[in-house]
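The lines below spell out each chain.
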Amino acid sequence: MSTETGVRVEDKLYQNRYLVDAGQAHIKVKPHSKPSPALLSLIKACPAHCYEINSNGQVEVAPDGCMECGTCRVIAEGTGDIEWNYPRGGYGVLFKFG
Ligand code: SF4
C-alpha cells in the first residue's frame, strides 16, 4: 500500500524499532485446543502479523514486532482468548516520526 507521496506503508513501518523484553511477552494467548472465531480473526486483523496458526491448528502470538495498536485487545481480550498488557517501561515499539 502506498501513501499519497508514493511511500509504501511497509517502508514507513520499517523505520520503527523494537526493544524485545526477552521472556516477558506482553501478549499471551490462553491455552486452547481449537481456536475461537475471535482468535482466528487475529491472524488477519493484526497489522504486524504477530499471530499465526501452528501445525496443531492453534493460534500463537509472537509479539516482538507489536505496534501496541490494541486491535487484538479489542477483539479478543473480552472473550478471554488473550491476556494483553503494555510492555514494561523502555521495551516494545519505538516509533520513528517523520
Ligand atoms: S496490539 Fe496490534 S500490533 Fe500488537 S499484536 Fe495486537 S493487533 Fe498486533
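Bear in mind that the values here come from a model prediction, so they are computed numbers and not experimental data.

For Gly92, the position within the fold is in strand S6 (residues 92–94). Residue class for Gly92 comes out partly exposed when judged on the 19 C-beta atoms lying within 10 Å of it. Once the C-alpha coordinates of Gly92 and His49 are considered, the two residues, 43 residues apart in sequence, prove to be 15 Å apart. The residues touching Gly92, leaving out its near neighbours within four places in the chain, are Tyr18, Leu19, His26, Cys66, Glu68 and Pro87.

A separate point is unusual backbone geometry. In this structure, His49 takes a positive phi of about 55° despite not being glycine. In the Ramachandran plot, Glu68 falls in the positive-phi region, its phi being about 55° despite a non-glycine side chain. Relative to the helices and strands, Glu68 is located in the loop between strand S4 (59–61) and helix H3 (71–76).

Another point: the site of the ligand. In the neighbourhood of the ligand, 13 residues make up the surrounding shell, with Cys46, Cys66, Cys69, Thr71 and Cys72 lying closest. Each residue belonging to the shell around the ligand can be placed in one class, and the counts come to 10 nonpolar, two polar and one charged.

Per the UniProt annotation, the sites labelled "domain: ETF-QO/FixX C-terminal" (unreviewed entry) are residues 44–93. With 16% helix and 22% strand, the stretch residues 44–93 has end C-alpha atoms that lie 20 Å from each other.

Further remarks concern the nonpolar core. Ile27, Val29, Leu39, Leu42, Cys46, Tyr51, Val59, Val61, Cys66, Cys72, Ala76 and Ile82 together form the largest nonpolar core, which totals 12 residues. Looking at this core, the elements with two or more residues in it are strand S2 (27–29), helix H2 (37–45), S4 and H3. Residues within four places of Tyr51 in sequence aside, it is in contact with Leu42, Ile43, Cys46, Val59 and Val61.

Conventions used here
- Starting afresh in each chain, residues are numbered from 1 along the sequence in its written order.
- In keeping with the predicted nature of the model, local features appear solely for residues at pLDDT of at least 70, side-chain atom pairs appear and are counted solely at 80 or more, and the whole-chain, interface and lining totals rest on all residues.
- Comment: elements are numbered from the N terminus, with helices defined as DSSP H or I runs of at least four residues and strands as E runs of at least two.
- Buried residues are those with 20 or more other C-beta atoms within 10 Å of their own C-beta, exposed residues have 12 or fewer, and partly exposed residues lie in between; C-beta atoms are placed from the backbone.
- Contact definition: two residues whose C-beta atoms, as placed from backbone geometry, lie within 7 Å.
- For each residue, a C-beta atom is positioned from the backbone; the residue is called near a molecule or strand if that atom sits within 6 Å of it.
- Under the grouping applied here, Gly and all other residues not named as nonpolar or charged are polar, the nonpolar ones being Ala, Val, Leu, Ile, Met, Phe, Trp, Tyr, Cys and Pro and the charged ones Asp, Glu, Lys and Arg.
- UniProt positions are given in the numbering used here, feature names are shortened, and annotations may be inferred rather than shown by experiment.
- Note on definitions: a nonpolar core is a set of buried residues drawn from Ala, Val, Leu, Ile, Met, Phe, Trp, Tyr and Cys, linked by C-beta atoms within 7 Å.

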